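Structural characterization, general
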Amino acid sequence: MANLKMGFRWFGQKDDPISLAEIRQIPQTKQVVGALFDVPVGEVWPQEKIDALKKQVEDAGLKLEVIESVNIHDDIKIGLPSRDQYIANYIQTIKNLSKAGIKVICYNFMPVFDWLRTDLHHQLADGSNAMMYEESKLPKDPKDLMAEMTSGSHGFSLPGWEPERLAALKDLFAAYKDVDAEKLRENLKYFLDAVIPVCEKYDVRMAMHPDDPPKPLFGLPRIFKDRDDMIKIEQLHESRYNGFTICTGSLGENPLNDLPSIIREFVPKDRVPFMHVRNIKYVGENAFHESAHPSSEGSLDMFDIMKALHDTDYDGYIRPDHGRNIWGEDGRPGYGLYDRALGITYLLGLWEALEKTSN
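Only a predicted model underlies this, so the values are computations on that prediction, with no experimental measurement involved.

**Description of the pattern of salt bridges**
- Counted according to the given criterion, the structure contains 33 salt bridges.
- The closest approach of N and O atoms between Arg324 and Asp126, which form a salt bridge, is 2.9 Å. Note that Arg324 is positioned in the loop between β12 (317–320) and α13 (338–358) and Asp126 in the loop between β5 (119–123) and β6 (129–134), a separation of 198 residues in sequence.
- One salt-bridge network, in which partners are shared between bridges, spans Arg9, Glu68, Arg117, Asp212, Glu253, Arg278, Glu290, Arg319 and Asp321.

Structural data, given as structure tokens:
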């Protein structure tokens, strides 16, 4: 398929039951979206570890050009004096990744928690299971949520849920008590003003991921919820290297977000180096579950989403996202092999039809 750089997220040989050999067998999937998961948040990623990961991927006949994620230390988000050292570490990591040919870093600026779900293995009518979010079932105490996420992970690490960071949850919440949306946005600007000039020099694009769910939770602010937030983030530092990961599932959790319109606005401005394309099914107010990728299986029109990408000549990186566990697979929640592979073939089928009918 012309232009699309299709990828597949991989959690490394030690912590992913899916092999690179299996990923290579997915049609037209050449990119591995990877990361170093054994480096504590805030520390410099060692060049030798980056190079080893790159060699491992390339030896399997694949490419490593997108990193998801280089997570941002909470001191940067809170705006503590120690943030300057953590930003310096981040800058060195950008330089090291550049030496390995990395082109995009996906990251988020969510306080305390990364993505949230209330059930990691919701049973669907067809016998598969998928992650689910019901706001009415969200525990009032964040510690209870953390315990539920840990027990539901089936022993797999969950991206963005670093146990060593979240161990002192009460202290972490206390540190954020004076950080509202305006302050969080100011701290993002401080970070971007420091790293984007380095990104421009070393040709590594930052791609901020939306908040998931896209709304404030537990009294914590969220600053990437919709199109208006994207405009504000864009204006914090004017550069194509200050970009977005448009995740259709995360933004789509708010039915008011017009995903094709957002794509048509920001792709032509060259602000979208990375796409996460997935579907979700609304099952009530502030409630949804992950679904198979086809439009018929969820609430999002995947054809309209892919058509918006095609109409704007999107040529960036793209991957399927949270799939179900199907066919007896009991993998990392949202990151099984089979349903994401099916998602890729579906997205590529839509793209082929768009390519052939547009000529």
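**Some remarks on the side chain of Gln47**
- Here Gln47 lies in helix α2 (residues 47–59).
- With relative accessibility at 18%, the residue Gln47 sits in the buried group.
- Of note is the side chain of Gln47, whose polar atom sits 3.0 Å from the backbone oxygen of Asn96.
- Setting aside anything within four residues of it in sequence, one finds Gln47 in contact with Asn96, Lys99 and Ala100.

**Considerations on the side chain of Thr245**
- Tracing the backbone through its elements, the reader meets Thr245 in strand β8 (residues 242–247).
- If near-sequence neighbours (up to four positions away) are discounted, Thr245 is found in contact with Cys106, Ala207, Met208, His209, Pro210, Phe224, Phe274 and His276.

**Quick look at the packing of aromatic side chains**
- This model, assessed by the stated rule, comprises 11 aromatic pairs.
- Note on Tyr107 and Phe191: the rings are 6.1 Å apart at their centroids and 55° apart in plane angle, and the pair reads as tilted. Taken together, the residues Tyr107 in strand β4 (residues 104–107) and Phe191 in helix α8 (residues 181–202) connect sequence positions 84 residues apart. The pair Tyr107 / Phe191 is uniform in exposure class, with both members buried.
- Ring centres of Phe244 and Phe266 lie 5.6 Å apart, and the angle between their planes is 75°; this geometry places the pair in the edge-to-face category. You can see Phe244 sitting in strand β8 and its partner Phe266 sitting in helix α11 (residues 259–266), a full 22 residues away along the chain.
- With relative accessibility at 0%, the residue Phe244 sits in the buried group.
- A residue is classified by how much of its surface remains accessible, and Phe266, at 0% relative accessible area, is buried.

Thresholds, definitions, all that
Residues numbered from 1 in each chain as written. Predicted model: local features only at pLDDT ≥ 70, side-chain atom pairs only at ≥ 80, totals over all residues. Heavy atoms only, no water. Salt bridge = Lys/Arg side-chain N within 4 Å of Asp/Glu carboxyl O. Helix = DSSP H or I, 4+ residues; strand = E, 2+ residues; numbered from the N terminus. Buried < 20%, exposed > 50% of the residue type's maximum accessible area, 1.4 Å probe, protein only. Polar contact = N/O pair within 3.5 Å; in protein donor to acceptor, adjacent residues only side chain to side chain. Contact = heavy atoms within 4.5 Å. Phe/Tyr/Trp six-rings, centres within 6.5 Å; stacked < 30°, edge-to-face > 60°.

As far as function goes, none of this settles anything; it's purely spatial.
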